[in-house]
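Survey of secondary and tertiary structure
Each chain, letter by letter, is given below.
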Amino acid sequence: MLGFNTAVKGLLASQQSLYIVNHNISNINTKGYSRQQGIQRASTPFQIAGVGVLGTGTEIQDITRLRDSYIDFKYWNENAPMGEWLVKRESLEELENLFGEPSNNSFRRYLDDFYLALDNMSKNPSDPSFREPVKENALALTKHINETAKRLQDMQREQEFSMGTMERRINDLAIQITSLNKQIYATELDGRKANDLRDRREVLVDELSEIVDIRVDESTDGKYVVSIGGVSLVDHSNTFTVKLAEDRSRLEWSNGSKVALNSGRLKGLLDIYNGDGVDNAYRGIPYYMARLNGFAEEFADNFNAQHRQGYTLDGVGGEDFFVFTDDGSPEGSSAAIITVNQNILENPENIAAAGGQSGSAEDANNLLDMIALRDENSPDDYIKSILSNLAVDSLQSRRMNDTQDVVLRNIQSKR
């Protein structure tokens, strides 16, 4: 009878091993699944008086995951920088497309067209057919500046929406991890491992680690803690929530204290949304918006100052060529509201081309001085400096993203 039981135990152990193999094969495409292995051992021997200890066969002692917790730690540690630089790379590439350099729809092209029209007009300043293109090209230039500024504002609103989505996702993931903690703890009270539940939990932690930089700690008694910047987001069975500050300048805990973010997709979004470049801060949308506003203001001020020195065809002193209107755009957004003076739009004869009040209709001295401003106070150089900064920032983001991608792929292959 004892020999029969020993044989049955061997068959049962083999059957359980086949079940484990079948489970592994079934989950070969399951995201985050860890291959499982049965730990087999000799069953408790039988003591026979006068004979000795007699073996009783084998049994499956436990089913474990073939997973290295250190590799998980490295993956979570590198996944956050990957998320941050991916967001920055995508955002800066979008900014490069927005400025459209070089292309037929670029600032340089609009400036070239405007100054070409001015140059043509200087050859025949009394002819309305030469004044009309100046007005039209000036209006096209201001509309391009307006459109670029508004697209920057739209991009910032999109970033704000993405940050709100990530804020909700962080809290949702924290709740799910907490729920799994309770299930895993209850399942493992008898000493066995809840392998599939642990895999499910680590898939959630993988996603969370891309959004914010986290640290995961599991004590010997099974308590599982997920923290951000040294403060617990999940303290085993307790969940703590985060929220964006009212001005979207930072991520906060529910009590209003700042969440210490060092990397992650949300950190990338916050830098792009808030980065004004002041005191070595990151150069995000506010920085490029400020530079665009600076370009619009400086270009208009210099051109207007010279335009006011001249006289119209009627001998009237020149007024501002470019003006800033109030169309409900955010305060300080000069680039969004720059346009051509309405008096010039209605009558191009009000372009102050003449250098003297009593000059002839062919007097183009002031117009020539306005053309010369392009060399003296070059708007091209201002645009070049903006694009140069953008190119440097974009190149850095691509390099950092590519480097981080190589590191993460190496860890994934080991995983």
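The structure under discussion appears in the preceding block.
Read on for a plain summary of the structure. It should be emphasised that the depicted structure is a prediction, and the values quoted were computed from it without experimental measurement.

Okay, the packing of helix α3 (residues 107-123) against helix α4 (residues 128-187) next. In contact at an axis separation of 8 Å, α3 and α4 are set at 160° when each is read in the N-to-C sense. Put simply, α3 runs roughly antiparallel to α4. Between α3 and α4 lies a crossing whose hand is left-handed. Where α3 approaches α4, its residues Phe107, Tyr110, Leu111, Asp113, Phe114, Ala117, Leu118, Asn120 and Met121 are matched on the opposing element by Phe130, Arg131, Pro133, Val134, Asn137, Ala138, Ala140, Leu141, His144, Ile145 and Thr148. In terms of residue class, the contact of α3 with α4 is made up of 14 nonpolar, 4 polar and 2 charged.

Phe114, Ile145, Leu292, Phe295, Phe321 and Phe322 are the most contacted members of the largest nonpolar core, which has 50 residues in total. In terms of residue count, the dominant contributor to this core is helix α7 (residues 285-307) (10 residues). Other than its neighbours up to four places away in sequence, phenylalanine 322 contacts Phe114, Ala138, Thr142, Phe299, Ala300, Phe303, Asn304, Ile338, Thr339 and Val340. Listed in part, the 39 residues of the second largest apolar core include Leu173, Val212, Leu244 and Leu251.

A few words now on the side chain of aspartate 199. Turning to its location among the elements, aspartate 199 is positioned in helix α5 (residues 195-211). For aspartate 199, a relative accessible area of 4% translates into the label buried. Setting aside residues up to four positions removed in sequence, aspartate 199 forms contacts with Gly32, Tyr33, Ser34, Arg65 and Arg67.

To continue, consider α5. The terminal C-alpha atoms of α5 lie 25 Å apart, and with 17 residues this matches the ideal 24 Å at 1.5 Å per residue to within 8%. Counting buried residues along α5, 12 of its 17 residues qualify, which places the element largely inside the surrounding structure. The set of residues buried in α5 consists of Asn195, Leu197, Arg198, Asp199, Arg201, Glu202, Leu204, Val205, Asp206, Leu208, Ser209 and Ile211.

Quick look at the sheet that holds strand β6 (residues 224-228) now. Within the open sheet, the 4 strands sit side by side as β5-β6-β7-β8. Their pairing is antiparallel. The open sheet terminates on both sides in strands that have one partner only, identified here as β5 (215-218) and β8 (238-239). Pairing analysis gives 2 bridges linking strand β7 (residues 231-235) to β8, with the strands arranged antiparallel. Note that in β8 the partner of valine 234 across the bridge is threonine 239. With respect to the sheet, α4 is in contact with β6, β7 and β8, its orientation differing from that of β7 by roughly 55°.

Another point: the packing of aromatic side chains. The tally for this structure, following the rule as stated, stands at 14 aromatic pairs. Both rings, one in phenylalanine 299 and one in phenylalanine 303, keep their centres 6.1 Å apart while their planes meet at 35°; by these two values the pair is tilted. Within this pair, phenylalanine 299 and its partner phenylalanine 303 are both found in helix α7, separated by 4 residues, close to a single helical turn. The burial state of phenylalanine 299 is the same as that of phenylalanine 303; both residues are buried. Note on phenylalanine 303 and phenylalanine 322: the rings are 5.5 Å apart at their centroids and 65° apart in plane angle, and the pair reads as edge-to-face. In this pair, phenylalanine 303 is assigned in helix α7 and phenylalanine 322 in strand β11 (residues 322-324), connecting sequence segments 19 residues apart.

It is worth spelling out the pattern of salt bridges at this point. Going through the model one piece at a time under the given rule, you end up with 35 salt bridges. For arginine 415, the salt bridge identified is with aspartate 206, shortest N-O distance 2.9 Å. One end of the pair, arginine 415, is in the segment after α11 (379-414); the other, aspartate 206, is in helix α5, and 209 residues separate them in sequence. On the accessibility criterion, arginine 415 (34% relative accessible area) is partly exposed. Linking glutamate 210 and arginine 265 is a salt bridge whose minimum nitrogen-to-oxygen distance equals 3.8 Å. In this pair, glutamate 210 is assigned in helix α5 and arginine 265 in helix α6 (residues 265-274), connecting sequence segments 55 residues apart.

Definitions and cut-offs
Residues numbered from 1 in each chain as written. Predicted model: local features only at pLDDT ≥ 70, side-chain atom pairs only at ≥ 80, totals over all residues. Heavy atoms only, no water. Axes fitted to C-alpha atoms, helices over the stretch in contact; angles between N-to-C directions. Helix = DSSP H or I, 4+ residues; strand = E, 2+ residues; numbered from the N terminus. Parallel < 35°, antiparallel > 145°, perpendicular 65-115°, else oblique. Left-handed = near helix turned anticlockwise from the far one by under 90°. Contact = heavy atoms within 4.5 Å. Nonpolar A, V, L, I, M, F, W, Y, C, P; charged D, E, K, R; others polar. Core = buried A, V, L, I, M, F, W, Y, C linked by side-chain atoms within 4.5 Å. Buried < 20%, exposed > 50% of the residue type's maximum accessible area, 1.4 Å probe, protein only. Expected span 1.5 Å × (residues − 1). Pairing = 2+ DSSP bridges. Phe/Tyr/Trp six-rings, centres within 6.5 Å; stacked < 30°, edge-to-face > 60°. Salt bridge = Lys/Arg side-chain N within 4 Å of Asp/Glu carboxyl O.

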